[in-house]
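# Secondary and tertiary structure notes
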Amino acid sequence: MTTSHLQTLHWITRSLAGDEPLAERLHTMLVKLRASLPYAEARVIVLQTPAWSYCLPNQRTPSWAAHWTEEMLAARAPVTRSAGQQQHYLGWPICQDEELLGAVELWVVTEELDQSCIPLLDALVPLLAMTIQAEATRGLSQTTSQLAALQELQEQLDAPCLLAPLALTVTEWVQTHCAAQQALLHVIQDGRSSLLSFVGAAYDQVDTVATTTVLAHSAMHHSTALMHRNGNGLECALPLRVGRETVGALVVIGRGLRRESGELLYAAATLIGPALRRAVVYQQMADKEQQLARILSNLPTGLALTDREGLLLQSNPAWAHLWGVPETTIQGGQLVPWDMFEPLLPRLPDPIAFDQFFRHTEGAVWDATLQLQEPYQLLRILRIPLLDALGQRSLTLFVLTDITREREAERAKTEFVSVVSHELRTPLTSILGYTELLRARDFAPAERFELLDTVWRQATHLSSLVEDLLNVSRIDAGRITLSRWVLSLRQLVTELIAQMNKQLDHRHQLLLDIPAQLPPVYADRDRVRQILSNLLSNAIKYSPDGGEIVLRAEVLSTPPPSAPALPPEPALLITVRDPGIGIDPAEQQRIFERFYRVDNSNTRRIGGSGLGLSITKALVELHGGRLWVSSEAGEGSTFAFTLPLASDVVHTTNGYL
Ligand code: ADP
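Rules used in this analysis
Residues numbered from 1 in each chain as written. Predicted model: local features only at pLDDT ≥ 70, side-chain atom pairs only at ≥ 80, totals over all residues. Heavy atoms only, no water. Near = heavy atom within 4 Å. Polar contact = N/O pair within 3.5 Å; in protein donor to acceptor, adjacent residues only side chain to side chain. Areas by Shrake-Rupley, 256 points an atom, 1.4 Å probe, with all protein chains shown as cover. Helix = DSSP H or I, 4+ residues; strand = E, 2+ residues; numbered from the N terminus. Nonpolar A, V, L, I, M, F, W, Y, C, P; charged D, E, K, R; others polar. Pairing = 2+ DSSP bridges. Axes fitted to C-alpha atoms, helices over the stretch in contact; angles between N-to-C directions. Contact = heavy atoms within 4.5 Å. Buried < 20%, exposed > 50% of the residue type's maximum accessible area, 1.4 Å probe, protein only. Parallel < 35°, antiparallel > 145°, perpendicular 65-115°, else oblique. Left-handed = near helix turned anticlockwise from the far one by under 90°. Expected span 1.5 Å × (residues − 1). Arc of directions from axis to C-beta. Core = buried A, V, L, I, M, F, W, Y, C linked by side-chain atoms within 4.5 Å. Domains from an automatic or database assignment. Phe/Tyr/Trp six-rings, centres within 6.5 Å; stacked < 30°, edge-to-face > 60°. Lys NZ or Arg CZ within 6 Å of the ring centre and 35° of its normal. Salt bridge = Lys/Arg side-chain N within 4 Å of Asp/Glu carboxyl O.

### Remarks on the site of the ligand
Close to the ligand lie 21 residues; N538, Y542, D578, R597 and L613 are nearest. A distance of 2.7 Å is found between an oxygen atom of the ligand and a backbone nitrogen or oxygen belonging to L613. If the ligand stood free it would expose 530 Å²; the protein chains cover 98% of that surface. Taken together, the elements giving at least two residues each to the shell around the ligand come down to α16 (525-541), α18 (612-622) and β23 (637-644). If one sorts the elements of the shell around the ligand by residue count, α16 sits on top with three residues. Of the residues in the shell around the ligand, the class split is 10 nonpolar, eight polar and three charged.

In structure tokens:
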């Protein structure tokens, strides 16, 4: 060591032993050191509680982590290495009996690096260690007001809360009691990789978050409070811990922050750690609960949980929706099913059995299918007995699914096979039989004509069945497009009736009730013909004793009581009334289903494929209209449908064109 180095060491020893605040003594030390060791930048880190550093020249925004050399800290041994841009880094840990008390860091221009200064630094470190230790023993006891502030914080933290309210409590407390301008709460999430940062209660992205995150990470990494002084004042980061586990960090920024504030913050951090851990757990639970609630409320399956007495504890929106009752009807604490299902009563085929199903909640899992009427609906209910989390209370979970369509599809499939085998085979057999006969021998012309006529009628029947099947598949594939024109229904109907009347025997009469000045509709001519002829031929077919069949058309003014909800557009109402066998009310919804046929001796005798009405309904709806029926068994039926009126109608003095 040179004489001038010894002189420097002497001055430094004297200045460190002074009574001024430590930061001032360190400042003097660094100034004096420069005389023997012309560094570009220097910093002394003091690992007190909280830790802090002193830099020369006073840097505005030095990055704590960048200057803190992990290598040096880990090895607890000096480090000298190139620091790029012709600079050298010298880092000396300050240790005492294996305990790390801080570090001295110097950045020296390589050209000016004089190896003889190394012994000076070696000698300086024990001096600094002594000074820091002496400073630590001075300590600062908490004042009464600080204790009161901590007590207040503890009380606030005792209340269970989620992350955002906790962050608000903490940051407000810090701002009130520690002369801080800003406080941020960083919460570790996904292990150590990412931080959720709160400024007040808001999860925020302000710039301060980014700059303070580095300090927070350092404090958490070293499990020590760090204080960093820069041109903006003090930034202090305190790790928040529960035992050995770090759960986050509190960063406090303020010009007026003093060492006493640091002490108070350190004490506060020991309270905030466990509270933050609790809040993280609550938050996770709340998030999970919310996710589950979202899943349940969007689930198309109805779910309900009841207690032993059958009281409803919880249900999701699909539960009410599938029963067809408003959600408001279903409230927790109500008895299942009477209070809840009162509006459902008229639809239940056996209310007593239904009630029993809900009351009998013991035993094994029960799987039941329930058929509701008007509208027809098939529901599958699973009744699953459960125990609550403590294994004490018995609960029952009901799982409800609508299987109407599923069953309908199954039925349609079976019906399809039987229709194909029966409806196709019957005409085919007679066609084959008659043609065989015609080939085998000669017939008199009249007889021959009769046989050929039968063959022709059966072939026509076959062709219309094939056409119906094709129509069904076109409807399914969405391949039916309408070619719509403004057309006069009266004219179309008159032509159709004239044609049909020719084929009728004397038992049936087709009557028309259409006003001469009926406005035109906007529709596809061929499809409207198909709709009308399906309804008229059904009316004839299902009136085996004959009688008058009346086709009526009028402008729809007030919808008839039997009508479903109708679109608001102006429309024509067309009805086909027959005096036939009628349809039982329970069947009226279902006859529009594909392949559905009312099963009774009459209909079995009459025969059919069960496709006509499903096609007719699809065609009416393609036009934007609705089709429905009102009927009584044995009293005849009235099928009604609407067709939209043409909007831009040319009106002449004689009526509508
Ligand atoms: P299909 O007549 O070929 O059986 P539809 O789809 O046209 O098929 O009719 C379905 C069922 O609706 C019929 O099987 C019949 O039971 C009933 N139905 C249709 N129209 C009438 C009517 N006018 N009167 C009585 N029952 C009818």
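### Examining the sheet that holds β23
Adjacent strands of a sheet form backbone hydrogen bonds with each other and so pair up, either parallel or antiparallel. The five strands lie next to each other as β18-β20-β21-β23-β22, forming an open sheet whose pairing is mixed. The sheet terminates laterally at β18 (508-513) and β22 (627-631), the two strands that pair on one side only. Taken pair by pair, the neighbouring strands of this sheet meet at an average axis angle of 15°, ignoring direction. Along the sheet face, helix α15 (residues 489-503) touches β18, β20 (547-555), β21 (571-578) and β23 and points at about 170° away from the line of β18.

### A word on the pairing of strand β11 (residues 245-254)
Along β11, nine of the 10 residues are buried, which leaves the element largely enclosed by surrounding structure. As paired elements, strand β6 (residues 182-189) and β11 share six bridges and run antiparallel to each other. Within the sheet, the bridge partner assigned to A183 lies in β11 and is V252.

### A short note on the packing of α15 against α16
Any two packed helices are characterised by how steeply their axes cross, that is the angle between the axes, and by the distance between the axes. Where α15 contacts α16, the two axes come as close as 11 Å, and the packing angle between them is 45°. The angle between α15 and α16 falls in the class oblique. Viewed along their axes, α15 and α16 form a crossing whose handedness is right-handed. Together, L489, L492, V493, E495, L496, I497, Q499 and M500 of α15 and R525, V528, R529, L532, S533, L536, S537 and I540 of α16 make up the contact between the two elements. Taken together, the residues that form the contact of α15 with α16 break down as 10 nonpolar, three polar and three charged.

### Structural notes on helix α6 (residues 144-158)
In this model α6 runs 21 Å from its N-terminal to its C-terminal C-alpha over 15 residues, within 8% of the 21 Å that 1.5 Å per residue would give. Listed as buried for α6 are Q146, A149, L150, L153 and L157. In an axial view of α6, the angular spread of the buried residues amounts to 100°, which keeps them on one side of the axis. Residues of α6 that are exposed and point more than 90 degrees away from the buried face comprise T144, S145 and E155.

### Some points on the nonpolar core
Among the nonpolar cores identified, the biggest contains 47 residues, and L489, L532, L536, L551, I574, I591 and F641 are the most heavily contacted of them. For this core, the element with the most residues is α16, which contributes seven residues. Both domain 4 (407-476) and domain 5 (484-644) contribute no fewer than three residues apiece to this core. Once residues within four sequence positions are removed from consideration, F641 is found in contact with I531, L532, L535, L572, L573, I574, V620, R626, L627 and W628. By size, the runner-up hydrophobic cluster in this structure holds 37 residues, among which are A180, M227, A267 and A268.

### Section: the environment of L535
Take L535: it is sitting in helix α16. In this structure, the C-alpha to C-alpha distance between L535 and R577, residues 42 residues apart in sequence, is 9.3 Å. Ignoring anything within four residues of it in the chain, the contact list for L535 reads V576, L613, T616, L627, F639 and F641.

### Quick notes on the packing of aromatic side chains
Throughout the structure, instances matching the rule amount to five aromatic pairs. Relative to F398, the ring of W319 lies with its centre 6.3 Å away and its plane at 40°, an arrangement referred to as tilted. In this pair, W319 is assigned in helix α10 (residues 317-323) and F398 in strand β16 (residues 394-402), connecting sequence segments 79 residues apart. The burial state of W319 is the same as that of F398; both residues are buried. In this structure an aromatic cluster arises from ring pairing among W319, W323, F354 and F398. A cation sits over an aromatic face here: R590 above Y376, 3.6 Å from the ring centre.

### Notes on the pattern of salt bridges
Per the stated rule, a full pass over the model turns up 13 salt bridges. Where D367 meets R380, a salt bridge forms, and the shortest distance between an N and an O atom there is 2.6 Å. Of this pair, D367 sits in strand β14 (residues 366-372) while R380 sits in strand β15 (residues 377-387), and the two are 13 residues apart along the sequence. Linked by salt bridges that have partners in common, E408, R411, R590 and E593 make up one network.

### Regarding the environment of I574
For I574, the position within the fold is in strand β21. Note: C-alpha distance between I574 and L643 (69 residues apart in sequence) is 7.9 Å. Not counting the four nearest positions on each side in its chain, I574 is found in contact with L489, L532, L551, R552, A553, F639, A640, F641 and L643.

### Focus: helix α14 (residues 445-477)
The end-to-end C-alpha distance of α14 is 47 Å, a good match for the 48 Å that 33 residues give at a rise of 1.5 Å each. Each element contacted by the buried residues of α14 is listed here: α13 (404-440), α16 and α18. Looking one or two places after α14, you find G478, whose phi comes out positive at around 65°.

### Topic: the sheet that holds β16
Pairing is antiparallel across the open sheet formed by five strands, whose spatial order is β13-β12-β16-β15-β14. Each edge of the sheet is formed by a strand with only one pairing partner; in this case those strands are β13 (312-315) and β14. The sheet shows a mean angle of 25° between the axes of neighbouring strands, direction not considered. Relative to β16, β15 runs antiparallel, the two being bridged by nine bridges. Within β16, the position partnered with P385 by the bridge is T396.

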